[in-house]
Amino acid sequence: MSSIVFVLVALTAFAWAGKGFLRVWNNVHLGKKETIDGDRSARWNNVLLVALGQKKMFKNWIPAVLHLFIYVAFVITQVELLEIFVDGIFGTHRFFAPMLGGFYTFAISFIEILSVLAFVATIAFLMRRNVLNVPRFQKPELKGFPARDANTILLLEITLIVGIFCMNGADKVLQTRGVEHFHPTGAFAVSAWLGPTLFGSLGDNALMFIERFGWWLHILTVFGFLVYLPYSKHLHILLAFPNTWYARLKPKGQMENMPEIQKEVRIMMGLEQPEAGASSDLPEFGANDVFSLSWKNILDAYSCTECGRCTAACPANLTGKKLSPRKVMMDVRDRAEEVGAALAASKENKADYQDGKSLFDRITPEELHACTTCNACVEACPVLINPLDIILQMRRHEILTQSAGPAEWLPMFNAIENAGAAWAMSTERDAWKEG
Amino acid sequence: MTLAKTIAEYQSEGRSPEILFWVGCAGSFDTRAQRITRTLCEILNHAGVEFAILGSEERCTGDPARRAGNEFLFQMTAAMNIETLNMYGVQKIVTACPHCFNVLKNEYTALGGNYEVVHHTQLLNELFASGKLKIKEGGSFKGQRITYHDSCYLGRANDVYEAPRALLEALDVDLVEMKRSRKNGLCCGAGGAQMWKEDEPGNKRINIERTEEALDTNPTAVAANCPFCITMLQDGLKAKEKNEQIPVFDLSEMILNNLV
């Protein structure tokens, strides 16, 4: 009976989660096609060191170590999850225990110790977000859902850990009482002590209930987590890997070239002949919506876990300007969600999509104009997201397509165009020789 | 002897220079940066490097236009520069401006301009290594408490952190790093075409924030590698009424008077 319930719940959770992940996949592909290739060994290096090894987190030791506890506990617990699945499907109890013997005790003990460390880290993270005023968690873009999202994930993590210890603790007491079905598994590092302390005075039936309660609490939370993941900033646990793999390998200072404008200018200057039959109307330049960004920009947006290290490093944000690189990433993601949902509802083709809105409804010129292109945000991101690339594409749209932008830039543009210098000067370019 | 010959003059003599010195707009027109331009010429002459400038044939690389979003203008000015550089068969370029350095090195390649580009702090290191330049024992900066500001376009944009520091080491200064340095260095506030506009509304100017960090190290001088950073830091020090006591130097200026 419980096997059937388990299998049904599992299948429902997988189907539901799958729908969520498919939505993210589709939304990422609202962006323009871009082939990203290059040195594979450098890419593997990024995946192994930055995503798996969390190299960039260690710029800041305290959160890095706390984060590592949760991360390692999460990864290692998958081993126990495997057993929960086997037990769930076949109605067994601790399927691997008899065949693994002492190693089983060691493995579960290891998971338990990591779970305790993860518990401590989770409490610390809740404190950092809700009690200690860590500035990057107090920014306006985190108000509302993003703040709730972060706390939800942390509370789910605590629930997972509570589930594990209810299950193992009650099991331990039942084992020492020699209750049938609860075969000895050796003393687990934490529950050997925690079990008797918490549950030692309870009767067998209550213990069996707690053991099952813990088991179901854990697995149901896992399923809930899985279904929630594609709606949460927590998606970074998966997307960190593709995102670091596809991260650009060029020097950070190098802006993307625009070959279409290069060609146009060369034709204008007589350096190149126009192709016969080429259309003379110019397309829109730069980006004002998810359709004109690259799919990688949108993958960046979905990989963002809103940690705010970019914003904390941003010179504009540090000095009170409206620009926040994290908000730029969140805006792109939220716009992709908005467009994706509307397209899914209307079954329209993305090429025909129009809702009278764009990224400029979310990201204002004031924010774009505050950027010094210093790359501090790019450097700060632990999963190699590039907010600057989006800012620059939107600046291009503003100047090239909307013919807008700060009026103060016009004299500079005119000077470069007419005098070949960034300032209009009356002296010769080599007048410095006489100084 | 003239401070710097143009590449056209070299050509009329039937010779080609070892290296082209890309002066840049700041180095050409900004009074403070002009001093750095002359300093670098003097050092190169001292080292016996045969270098040329483009003179009136040099144009803005297009960095501020491109970062502002004006790709048309960037492509125009870039195409003209590349025509000129390729016409003269330029192979190696040195510049004292990290913005020019970045564009020449990373962005002209896609447009048909392939050159070996070095920042002057890198070239100076090469000249020390090859023995063409030598530092005096007990120079004027020996033991002085000096802080160094990483420019974004030399540092994060191109990962050049050590060449400028190696020069400070050669000068035997007591280098005190700011709270944010190297990869985590804080921008001076001028990049991304900010130099040509007022700050957006906020509660502080970026150069003031950076100046405060520099002052926290209690330095006798600030060393920098970019004409725009130097302007921003000097303005910051002026706002703090410290500009009389604490000068901002380009690294080349610290080198010049301490050469054997």
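Residues numbered from 1 in each chain as written. Chains lettered and ligands numbered in written order. Predicted model: local features only at pLDDT ≥ 70, side-chain atom pairs only at ≥ 80, totals over all residues.

Visitor: Can you break down the overall build of chain B residue by residue, with the values?
Guide: Scanning chain B from N- to C-terminus turns up 11 helices and 9 strands. Relative to the compact-globule value of 18 Å for 260 residues, chain B shows a C-alpha radius of gyration of 18 Å, a close match. The C-alpha extent of chain B, read off along each of the three principal axes, is 50 × 50 × 30 Å. Out of the 260 residues belonging to chain B, those deemed buried represent 55%. In chain B, of all internal contacts separated by at least 6 residues, the share reaching a separation of at least 24 is 78%. (Helix = DSSP H or I, 4+ residues; strand = E, 2+ residues; numbered from the N terminus. Rg over C-alpha atoms; globule rule 2.2 N^0.38 Å. Buried ≥ 20, exposed ≤ 12 C-beta atoms within 10 Å, placed from the backbone. Contact = placed C-beta atoms within 7 Å.)

Visitor: Quick rundown of the sheet that holds strand S4 (residues 92-95) of chain B? Include the residues and the values.
Guide: All names here are of chain B. Here 5 strands make up an open sheet; going across it, the order is S1-S3-S2-S4-S5 and the pairing parallel. With partners counted over all chains shown, the strands left at the sheet margins are strand S1 (5-6) and strand S5 (116-119), one partner each. Across 2 bridges, S1 lies against strand S3 (residues 51-53) in parallel orientation. Paired with Lys5 across the bridge in S3 is Ala52. Where helix H6 (residues 98-107) meets the sheet, its contacts fall on strand S2 (19-22), S4 and S5, and the angle it forms with S5 comes to roughly 165 degrees. (Pairing = 2+ DSSP bridges. Axes fitted to C-alpha atoms, helices over the stretch in contact; angles between N-to-C directions.)

Visitor: Before we move on, could you go through the environment of Ala239(B) and cite the residues and values that matter?
Guide: Inspection of the secondary structure puts Ala239(B) in helix H10 (residues 227-239). Accessibility expressed as a C-beta count within 10 Å gives 13 for Ala239(B), which makes it partly exposed.

Visitor: Let's hear about the domain arrangement of chain B: which residues, and what values?
Guide: Residues and elements named next belong to chain B. Along its sequence, chain B is organised into domain 1 (5-127) and domain 2 (135-256). Domain 1 and domain 2 are separated by 23 Å when their C-alpha centres are compared. Among the secondary structure elements, those contributing two or more residues to the side of domain 1 that touches domain 2 are helix H2 (24-29), helix H3 (31-46), helix H4 (63-68), H6 and helix H7 (120-129). Of all the elements, H3 adds the most residues to the side of domain 1 that touches domain 2, at 7 residues. (Domains from an automatic or database assignment.)

Visitor: Please give an account of helix H9 (residues 236-245) of chain A that cites residues and values.
Guide: Residue and element names in this part refer to chain A. His236, Leu239, Ala240, Asn243 and Thr244 are the residues of H9 that are buried. Summarising the axial view, the buried residues of H9 lie within an arc of 130 degrees, below the 170-degree limit, and thus occupy one face. Each element contacted by the buried residues of H9 is listed here: helix H2 (40-52) and helix H11 (295-303). (Arc of directions from axis to C-beta.)

Visitor: So, the interface of chain B and chain A: which residues are in play, and what are the values?
Guide: In this assembly, 58 residues from chain B lie in contact with 56 residues from chain A. Counting residues per element, the ones that place at least two in the side of chain B that touches chain A are H2, H3, H4, helix H5 (71-87), H6 and helix H9 (206-216) of chain B. Of all the elements, H5(B) adds the most residues to the side of chain B that touches chain A, at 7 residues.

Visitor: Before we move on, could you go through unusual backbone geometry and cite the residues and values that matter?
Guide: All names here are of chain A. The residue Arg94 is not glycine, and still its phi comes out positive at about 50 degrees. For Arg94, the position within the fold is in the loop between helix H3 (61-90) and helix H4 (97-100). Of note in this structure, Asn375 is not a glycine but carries a positive phi near 70 degrees. Within the secondary structure, Asn375 sits in the loop between helix H15 (365-369) and helix H16 (376-380). We classify Asn375 as buried; it has 24 C-beta atoms within 10 Å.

Visitor: Provide a residue-level description of the domain arrangement of chain A, including the pertinent values.
Guide: Residue and element names in this part refer to chain A. Parsing chain A into structural domains produces domain 1 (40-245) and domain 2 (287-408). Computed from C-alpha atoms alone, the centre-to-centre distance between domain 1 and domain 2 is 34 Å. Contact residues are listed per partner, giving 22 residues for domain 1 and 18 residues for domain 2. Ranked by the residues each element gives to the side of domain 1 that touches domain 2, the list is headed by H9, at 6 residues.

Visitor: Give a description of helix H14 (residues 325-346) of chain A that names residues and reports values.
Guide: Residue and element names in this part refer to chain A. Its 22 residues place the ends of H14 32 Å apart at the C-alpha level, agreeing with the 32 Å of an ideal helix rising 1.5 Å per residue. For H14, every residue scored as buried is listed here: Pro325, Arg326, Lys327, Val328, Met329, Asp331, Val332, Arg333, Arg335, Ala336, Val339 and Gly340. Buried residues belonging to H14 abut helix H1 (2-28), H11, helix H12 (309-313), H16 and helix H17 (387-401). Lys347 sits one or two residues past H14 and shows a positive phi near 60 degrees. (Expected span 1.5 Å × (residues − 1).)

Visitor: Which residues make up the packing of H1(A) against H3(A), and what are the values?
Guide: Relative orientation and spacing of two packed helices are given, respectively, by the angle between their axes and the distance between those axes. Residue and element names in this part refer to chain A. Look at H1 against H3: their axes get within 6 Å of each other, and the N-to-C directions meet at 125 degrees. As summarised for this structure, H1 and H3 are arranged oblique, according to the angle between their axes. For the pair H1 and H3, the contacting residues are Ser3, Phe6 and Val7 in the first and Gly88, Ile89 and Phe90 in the second. Across the contact of H1 with H3, the residue classes break down as 4 nonpolar, 2 polar and no charged. (Parallel < 35°, antiparallel > 145°, perpendicular 65-115°, else oblique. Nonpolar A, V, L, I, M, F, W, Y, C, P; charged D, E, K, R; others polar.)

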